[in-house]
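Results of the structural survey
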Amino acid sequence: MSSVSRAVPKKPLATNNGQSGQSVVKRLQQELMTLMMSKTPGINAFPEGDGNMFLWVATIKGCQDTVYDGQTYKLSIQFSTEYPFKAPAVFFTTPIFHPNVDYNSGTICLDILKDKWSAAYNVRTILISIQSLMGDPNNDSPLNSQAAQLWENQEEFGKVVKQKYSEVSGQK
């Protein structure tokens, strides 16, 4: 889908592979099953092809009636052996023009990935939250000030989103 993407490290964020690593793998396997069974529209995630449970590739489709409708974005989710007590590192690998996402790095400004993280969250809740953020940004905490300023003019904002998406996806 995307002709432009960012490099993703192939290792877990922490190198401790003892008991804590095994319990994290078990939790992630359960989350994968839950995610597959839930069939939540517009989101999915799987461990990367080499079987590394600590590195997942996710996709999020833009919600209907938003400027992202019809667009699909890839993300990287990197888990440490401290998961679920520490939030995973999540970022867009498909560049996205959005007030709360750094266009160049894919870094996401979302409270549940930072100071509001709880071990009760899981991959599904993270992806649903990001999908929701796409249509309802927090302009009080922008990572992309140009996108935040343009957000109020949805017609112009939509034009920029479509143009940038077509540049990275090869779609018109």
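Here's a quick rundown of the structure. (Residues numbered from 1 in each chain as written. Predicted model: local features only at pLDDT ≥ 70, side-chain atom pairs only at ≥ 80, totals over all residues. Heavy atoms only, no water.)

Quick look at the overall build of the chain
Put simply, the test is: The secondary structure listing takes helices from DSSP runs of H or I that are at least 4 residues long and strands from runs of E that are at least 2 residues long, numbered from the N terminus. Per-residue accessibility, obtained with a 1.4 Å probe over protein chains only, is compared with the maximum for each type, and a residue is labelled buried under 20%, exposed over 50%, and partly exposed between these values. For every accessible area listed, the method is Shrake-Rupley and the probe measures 1.4 Å; residues are considered covered only by the protein chains on display.
A count of helices and strands for the chain gives four helices and four strands. When the elements of the chain are put in sequence order from the N terminus, they spell out α-β-β-β-β-α-α-α. A buried classification covers 44% of the 172 residues belonging to the chain. Counting only carbon and sulfur atoms, one obtains 50% of the accessible surface of the chain, whose full area is about 9000 Å².

Side note on the pairing of strand β3 (residues 72–78)
For clarity, the threshold we go by: A pair of strands is labelled paired if DSSP reports no fewer than 2 bridges between them.
Burial analysis of β3 places six of its seven residues in the buried class, which makes it a mostly covered element. Taken together, the seven bridges between strand β2 (residues 55–61) and β3 define a ladder with antiparallel strand orientation. Looking across to β3, one finds that T59 is bridged to K74.

Description of a nonpolar patch on the surface
Applied cut-off: Exposure above 30% relative accessible area and the absence of a salt bridge qualify a residue for a patch, where like charges join within 9 Å and nonpolar side chains (Val, Leu, Ile, Met, Phe, Trp, Tyr) within 5 Å. For this analysis, a salt bridge means a side-chain nitrogen from Lys or Arg found within 4 Å of a carboxyl oxygen belonging to Asp or Glu.
A surface patch of nonpolar side chains, about 420 Å² in accessible area, is lined by M33, M36, M37 and F46. For the nonpolar patch, the leading source of residues is helix α1 (residues 19–38), giving three residues. Along the polypeptide, M36 turns up in helix α1. M36 sits in the partly exposed class, given a relative accessible area of 36%.

Considerations on helix α4 (residues 154–169)
What counts here: Take the residue count of a helix, subtract one, and multiply by 1.5 Å to get its expected span. Residues count as neighbours in contact if any of their non-hydrogen atoms are within 4.5 Å of one another.
Across its 16 residues, α4 extends 21 Å between first and last C-alpha, which sits within 8% of the 22 Å expected from 1.5 Å per residue. Buried within α4 we find F157, G158, V160, V161, Y165, S166, V168 and S169. Tucked into the core, α4 has its buried residues touching β3 and α3 (145–150). One or two steps after α4, the chain reaches G170, where phi turns positive at roughly 80 degrees.

Things to note about the pattern of salt bridges
A complete count under the given rule lists three salt bridges for this structure. Salt-bridge contacts for E31 lead to R27; the nearest nitrogen and oxygen are separated by 2.6 Å. A residue pair is termed a helical-turn pair when its members lie 3 or 4 positions apart in one helix, as E31 and R27 do in helix α1 at four residues. You can call E31 buried: its relative accessible area is 8%. Across the salt bridge formed by E156 and K159, the nearest N and O atoms sit 3.4 Å from each other. Of this pair, E156 and K159 both sit in helix α4, three residues apart, roughly one helical turn. Linked through salt bridges whose partners overlap, the residues forming this network are E155, E156 and K159.

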